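# What the coordinates show
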Amino acid sequence: MGPRADGRAQPRHHREAPTGGEFPAAVATALSTLAVVPERCTPQEARRLVVLLGLVGAGLGRHHQEQDPAHRQRPERAFDLTAGPDRVPFLDYFARLAARTGHPQRDAYASLTRWNLPVSEAWWGDTRLATLPGEFDDGLIRTYTGERDEVRFLELIKLSETLERAVNGTLAPLAEETVDVCGAEAVHRLGVAAELLDAIRRLNTAFAALPPADGLRVGHFLDVFRQFAVHWRPGDVPPSGALDPEALERDLLLGVDPPGYRRHIARLRPGLLDGEWDRLGVVMDRPGLPELLLARLRPAGDLAEQSPAGLRVLLGSCPALGALYLVLRAHARVSSAHLMLAKKYLFTPQRDRDRAGVGDTGVVSNRRGTTGMDEAALERLTRIRGRHPLTALRRLPTADLESLAGVDVLRSHGRAEARFAFSAAALVRPRTSDDDTRDDDTRGGDPPDGGATGDRPAGQP
């Protein structure tokens, strides 16, 4: 069975095609030849099949729901197909594979990105800090349509998550209190984490700056890629970058916990791997790093009431305070970069379409994120990340804080980057095509990012 799920397959014959069309017929033919018993698969074999059948299922769901708006009320009817000689219903077959892996019973973020793409690594100079596995050893990336936009976007997501894993691994010993939160090792770890976060920001802003032919065409993102994030069953959770467990964990580690945020994370649980939810549960039960550190300094009073001289005295007694400020500031800037990407590729072009009378015509709405967050909610969360408990320290020169945290020394030893293990090349580099030089969105082109800079979120110096 091929990895494409765009309906272009040319079947020689078909046995059943309940939703009509060439793609369901080709899927029915391919499924009928599957001789694999899910319970006899090794975990890696099961993960590989989950990746492939996840893409296939997304294609089936999209084709079914595009045929008739009424089909969106019964999305599971798209999967009236069977697999193997025993004619196991498709959804049952997928669920049995998922049970071997801790995966949700539909396509999900983990299979679409982490398992699908090659092994990736986060490096600091000559030191490897984190690795994200991949389940295939051929160096290929399986996508919905085979378009380069999807390859590049999935690369961006996985490399970002790889750096995020390095951040969380660096900060975890402080949150676990196996490292003294005010000690020299804490200062070093926080300095490294700040630089890793800056690498995430650079990676994402560089991607956004690419011309459409070398990055992601707005029209393809809205009208093709996102339209595969359909429901398989009413109320389930389709794959989304918002399901990146490393980003969720980082918020919790850094004390980002506004009212309702944990309920939002809980709603994402059906889209996470079992182990990812377990890990988030552990982090939820601990205080965030700002709370831990401020508890050590509580006799000094409220930071906002301190003079610059008083703040310097506090930093002298606990240099980690300044280092944590740099981490929180870098975290807010990453959030601003993500908001900028959401505006550039989703919210602003859809708003332009609404003004032009085109509307929101896909089976997946482009007026909000796949997990339900709209532009206002993302803007609010970005502001919250910028208004962290250590904002009083912005009254001190950045150069002083970086010197205290040793960031200036860290930079002299190299920069943080993420790359795929099969290639030493970084992701973001020009890849201009001779035959693909325009944005495919004829209803508004590639709009501006709505004013977000990715470098300076609200409340940051």
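See the structure above.
Nothing here was measured: the structure is a model prediction, and the numbers come from that model. (Residues numbered from 1 in each chain as written. Predicted model: local features only at pLDDT ≥ 70, side-chain atom pairs only at ≥ 80, totals over all residues. Heavy atoms only, no water.)

### A few points about helix α12 (residues 308-317)
We count it as follows: With a 1.4 Å probe rolled over the protein chains alone, any residue whose accessible area is under 20% of its type maximum counts as buried; one over 50% counts as exposed, and the rest are partly exposed. A run of DSSP states H or I qualifies as a helix once it reaches four residues; a run of E qualifies as a strand once it reaches two. Both are numbered from the N-terminal end. The arc in question is formed by the directions pointing from the helix axis toward the C-beta atoms. We call two residues contacting when some pair of their heavy atoms lies within 4.5 Å.
Taken together, the buried positions of α12 are Gly310, Leu311, Leu314 and Leu315. Take α12 and look down its axis: the buried residues cluster within an arc of 140°, on one side only. Facing away from the buried side of α12 by over 90 degrees, the exposed positions are Ala309, Val313, Gly316 and Ser317. On the buried face of α12, the contacting elements are α13 (320-355) and α15 (398-405).

### Here's the deal with the nonpolar core
Note the threshold: We define the nonpolar core as a collection of buried residues of types Ala, Val, Leu, Ile, Met, Phe, Trp, Tyr and Cys that are connected through side-chain atoms lying within 4.5 Å of one another.
With 99 residues, the main nonpolar core has Leu321 and Leu324 as its most contacted residues. If you tally residues by element for this core, the top one is α13, at 16 residues. Every residue in contact with Leu321, bar those within four places of it in the chain, is listed here: Leu293, Leu294, Leu297, Leu303, Leu314, Leu315, Leu390 and Leu393. With 31 residues, the next largest nonpolar core counts Leu34, Ala83, Phe94 and Phe136 among its residues.

### Remarks on the state of the cysteines
Test applied: The disulfide criterion is simple: two cysteine sulfur atoms within 2.5 Å.
As enumerated under the stated definition, the model contains one disulfide in all. Across the disulfide, Cys182 is cross-linked to Cys318 (sulfur-sulfur distance 2.3 Å). Looking along the S-S bond of the Cys182-Cys318 disulfide, the torsion reads about -95°, which is the left-handed sense. Linking Cys182 in the loop between α5 (148-175) and α6 (184-209) with Cys318 in the loop between α12 and α13, this pair joins segments that are 136 residues apart in sequence. In this structure, Cys182 and Cys318 share a single accessibility class: buried.

### Thoughts on the packing of helix α1 (residues 22-32) against helix α2 (residues 43-67)
In a pair of packed helices, the angle between the axes and the distance between the axes together describe the arrangement. Cut-off, in case you're wondering: Angles shown run from 0 to 180 degrees and are taken between the N-to-C directions of axes, each axis being a line fitted to C-alpha atoms and, for helices, limited to the stretch in contact. The crossing is said to be left-handed when, going from far helix to near helix, the turn is anticlockwise and less than a right angle, and right-handed when the turn is clockwise. Here the term charged refers only to Asp, Glu, Lys and Arg, the term nonpolar to Ala, Val, Leu, Ile, Met, Phe, Trp, Tyr, Cys and Pro, and the term polar to all other amino acids, Gly among them.
Axis separation between α1 and α2 bottoms out at 10 Å; the angle between their running directions is 145°. Viewed along their axes, α1 and α2 form a crossing whose handedness is left-handed. Side by side, α1 and α2 meet where Phe23, Pro24, Val27 and Leu31 of the first sit next to Leu53, Val56, Gly59, Leu60 and His63 of the second. Here the contact of α1 with α2 is composed, by residue class, of seven nonpolar, two polar and no charged.

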